[in-house]
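# Examination of the molecular architecture
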Amino acid sequence: MAKLNMVKALNLALLQEMERDEDIVVIGEDVGVDGGVFRVTEDLHRKFGSKRVIDSPLAEAGIIGASVGMALYGLKPVCEIQFSGFAFQCFHQIENHAARYRLRSQGRFHCQMVIRMPYGGGVRALEHHTESEEQFYAHIPGLTIVVPSGPRNARALLVSAIRDPDPVVFFEAKALYHAAKEDVPDEIEALPLRQAQIVREGTDLTLVAYGAMVRVAREAADVLAGEDGAQCEVIDLLTISPLDRQTVVASVQKTGRAVIVHEAPRSFGPGAEIAASIVEGAFLSLEAPIRRVTAWDVSFVGFARERTHIPDAGRVVAAVRETLAY
Amino acid sequence: MPRKTLEPRFSVEFLSVLDADGNLDTTLEPDIAPERLQELYRAMLLGRRLDERMVRLQRQGRIGTFAPIKGQEASQMGSVFALRPTDWMVPSFRETAAMVWRGWPIEKLLLFFSGYVEGGQPAPDQHDLPVTIPVATQLPHAVGLAYAAQYRGDDVVVMAFFGDGATSEGDFHEALNFAGVWHVPVVFVCQNNQWAISVPLKKQTHSRTLAQKALAYGLPGIQVDGNDVLAVYAASREAVARARGGDGPTLIECVTYRLAMHTTADDPTKYRSEEEVREWERKDPLTRFAEHLKKRNLLPEGLEAEVDAEITAAVQRFEAVGPADPLSVFGHVYAELPAHLAAQRDDLAAWLQAARDPGQAEPEPPSPPMRGQRRTTRWQS
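So, here is what we can say about the structure in this document. (Residues numbered from 1 in each chain as written. Chains lettered and ligands numbered in written order. Predicted model: local features only at pLDDT ≥ 70, side-chain atom pairs only at ≥ 80, totals over all residues. Heavy atoms only, no water.)

All right, on to the layout of surface pockets then. As a volume, the largest pocket reaches approximately 710 Å³. Lining the largest pocket are 29 residues, and of these Ala138(A), His139(A), Ile140(A), Pro141(A) and Ser241(A) lie nearest its centre. For the lining of the largest pocket, the elements supplying multiple residues, two or more each, are α6 (134–138), β12 (239–241) and α10 (270–282) of chain A together with α12 (339–356) of chain B. Looking at which element gives the most residues to the lining of the largest pocket, the answer is α10(A), with four residues. Considering only residue class, the lining of the largest pocket consists of 18 nonpolar, seven polar and four charged. (1 Å grid on protein atoms, 1.4 Å probe; cavity = no way out; pocket = protein on both sides within 12 Å on 5 of 7 lines; lining within 4 Å. Points joined across faces, edges and corners; volume = space filled by probe spheres on them. Helix = DSSP H or I, 4+ residues; strand = E, 2+ residues; numbered from the N terminus. Nonpolar A, V, L, I, M, F, W, Y, C, P; charged D, E, K, R; others polar.)

Looking now at the state of the cysteines. All names here are of chain B. Summed over the entire model, instances satisfying the criterion amount to zero disulfides over all chains. Free cysteine Cys254: the closest other cysteine sulfur is in Cys190, separated by 7.6 Å. Residue class for Cys254 comes out buried when judged on its relative accessible area of 0%. (Disulfide = S-S within 2.5 Å. Buried < 20%, exposed > 50% of the residue type's maximum accessible area, 1.4 Å probe, protein only.)

The next thing to look at is the environment of Ala146(B). Residues and elements named next belong to chain B. With respect to the helices and strands, Ala146 occurs in helix α5 (residues 139–152). You can call Ala146 buried: its relative accessible area is 0%. For the pair Ala146 and Pro185, spaced 39 residues apart in the sequence, the C-alpha separation amounts to 5.6 Å. The contacts of Ala146, once residues within four sequence positions are left out, are Val158, Val184, Pro185 and Val186. (Contact = heavy atoms within 4.5 Å.)

Moving on, we come to the pairing of strand β4 (residues 186–192) of chain B. In summary, the side chains of a regular strand alternate between the two faces of the sheet. All names here are of chain B. Here β4 lies mainly inside the structure; seven of its seven residues are buried. Burial along β4 is two-sided: the face carrying Val186, Phe188, Cys190 and Asn192 and the face carrying Val187, Val189 and Gln191 are both buried. Following the chain from strand β3 (residues 158–163) across helix α6 (residues 170–182) to the adjacent parallel β4, one finds a crossover that is right-handed. Relative to strand β8 (residues 250–255), β4 runs parallel, the two being bridged by six bridges. In the strand pairing of β8, Gln191 is matched with Cys254. (Right-handed = clockwise from strand over helix to strand, strands pointing away. Pairing = 2+ DSSP bridges.)

As a further point, take unusual backbone geometry. All names here are of chain A. Looking along the chain, the bond that leaves Ser241 and enters Pro242 is cis, with omega of -10 degrees. Relative to the assigned elements, Pro242 resides in the loop between β12 and α9 (245–255). Of note, the phi angle at Arg39 is positive, near 75 degrees, even though the residue is not glycine. A residue is classified by how much of its surface remains accessible, and Arg39, at 34% relative accessible area, is partly exposed. In this model, Leu238 sits at a positive phi of 65 degrees, which is unusual for a non-glycine residue.

To continue, consider the sheet that holds β4(B). Residues and elements named next belong to chain B. Across the sheet, six strands lie side by side as β1-β7-β8-β4-β3-β2; this open sheet has parallel pairing. Each of the sheet's edge strands pairs with one partner strand only, and the pair in question is β1 (13–15) and β2 (88–90). Across the sheet, the axes of successive neighbouring strands diverge by a mean angle of 20 degrees, strand direction being ignored. (Axes fitted to C-alpha atoms, helices over the stretch in contact; angles between N-to-C directions.)

We now examine the sheet that holds strand β2 (residues 24–28) of chain A. All names here are of chain A. The seven strands lie next to each other as β3-β2-β4-β5-β7-β6-β12, forming an open sheet whose pairing is mixed. What marks the edges here is a single partner per strand, and that holds for β3 (53–55) and β12. Averaged over all neighbouring strand pairs, the angle between strand axes comes to 20 degrees, with direction disregarded. Contacting β2, β3, β4 (76–80) and β7 (168–173), helix α1 (residues 6–20) runs over the sheet at an angle of about 135 degrees to β2.

Contacts between the two partners involve 47 residues from chain B, matched on the other side by 52 residues from chain A. A buried area of about 4,000 Å², summed over both sides, lies between chain B and chain A, and 62% of it is on carbon and sulfur atoms. Counting the contacts that link chain B with chain A gives one salt bridge. Close ionic contact of Arg152(B) with Asp23(A) constitutes a salt bridge, the shortest N to O distance being 3.2 Å. In this structure, the connection of chain B to chain A is made through 21 residue pairs in polar contact (both at pLDDT 80 or more). Across the side of chain B that touches chain A, the residue classes break down as 25 nonpolar, 13 polar and nine charged. (Buried area = accessible area lost by both parts, 1.4 Å probe. Salt bridge = Lys/Arg side-chain N within 4 Å of Asp/Glu carboxyl O. Polar contact = N/O pair within 3.5 Å; in protein donor to acceptor, adjacent residues only side chain to side chain.)

Pasting the structure below:
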């Protein structure tokens, strides 16, 4: 058991899985000698060589397209897109091909591959280095969209993502990379995909979040417990698509109220799907309208204003208070 | 400070073996056994006759839109003929003749062009990818397949097909660049048929040849007479041998012509002249090869009837396929059916059941009111 930050925890997952399975290759810009711009692939090049840890040319469509070919042949590529803001240059390869090969070939081929991308703000970065755009991928059938919220579950989810027979888009919140250290077991640990976790029990309201926003939701829940005596249940989705509706619905059936927190723009975002699922599954339990606390529906244009763009605990607390008072 | 010319040291070869009048350059003729020549001709003829039949089937509304190959039989068959069954073929959407040669049953292709996803399923031991519709996006897959084959140490070559329009796409350039950097066993076969729907080659690129695009990525590029099956085969055999021998990728540009429409949905008389089409009909790859075989006394009698009978039998098998099961689409989205898809499948099943048996379509009676429920007027009526 070692205390690791998320970067080291992800690195450990890659290292142990690559030792276990020779079919796993890592590919991306700067993932080799440099160890990735965030150091997630550090030292893998030295241990496994340039055939397995591939410093690719600077071309997102080439990285994902070539990885689709590798996966069709039976390798298990773990691709790194340096920042999710650049992934639209390979979006067609993800949507047209990685996600569809199983259906297109009626099960003859499938793409066992992981596409890792750092996402989100809070680290004072440039345009295209700060976006939270998971909603585009969550809309695509055939993909699984995973967003860890801390070092230990990041490691366990990456292990499961690598072993999953279908393509997984794995979003890593940059704000979490160095945010905190957690105890991470030495032996390989895996968490089931597509399963949400209740990370704080409560009876008055359900807070649904994922990725960096889990921290914000927990902080808000602490404030509400202390100042209002309100007990919020906090759900960490971990996988946003396919969505674990059951856990969310069961929680709202118990609490009667829900607030959803995400960093993606509000309209047509994951919050809309979660809210629709709650209405479909727990309509008769609702005591108040469902609220969403999200980034605004504007493109991310610079870090000077990111503190008012990304939800913080204060905004979540205010939304919860309004919902409780309804 | 010097200002000097850096000699890039390249040139593009053009290869032609059999001219439009059936004259053979014996010094360049690839060595092919007579019965193999006959097989090659049969495959080209089958491609032509199938294409003609498919246009009729489409006009009758018995299959959907498809892309005819008429005029490109030599480019397709000359190249794919150089592969072993264990090699991989990566098609675009216009490789009907090559796909049949690689083992795709004709009825499966007809199913595919009738909107049945089942038509995209290669046999378990078949090393071919299904048809790719978005232009050039299959080319990085070919590079990845070749990388994986090399990684595993398999004796495998990958051959990828695309048209002249594809050379304008980013994926074409990324694929050639990756292939060059990785030095993987892949052969890129461009069927330059002069027209990307209505846009002629001169509006597609300012390059003198498409083959020369290879040189920017450090690969050999060669232009061949794409209506000369012997030239296409000679160039392909060389490129496949180079790939197999560990000497990396090649780009082959087959200069050919699409005699028919881009797909059955467009009308080529709107964008090109009759004179141009007539000029290319004079260079028809099929008649040219037939002429050559006739001179060598290798052209079999009654081949057309034999090929037509094979196509007719396949059309009959295709038309005997029952209606598609609407529920089967849920089965291949993920390895395991997720809960939300199971629910959607059950919704569709219930809907279909209700449609078959209208008596079952009655709504359930309303349940007693629960906490917070307001009865609507609709339920009260």
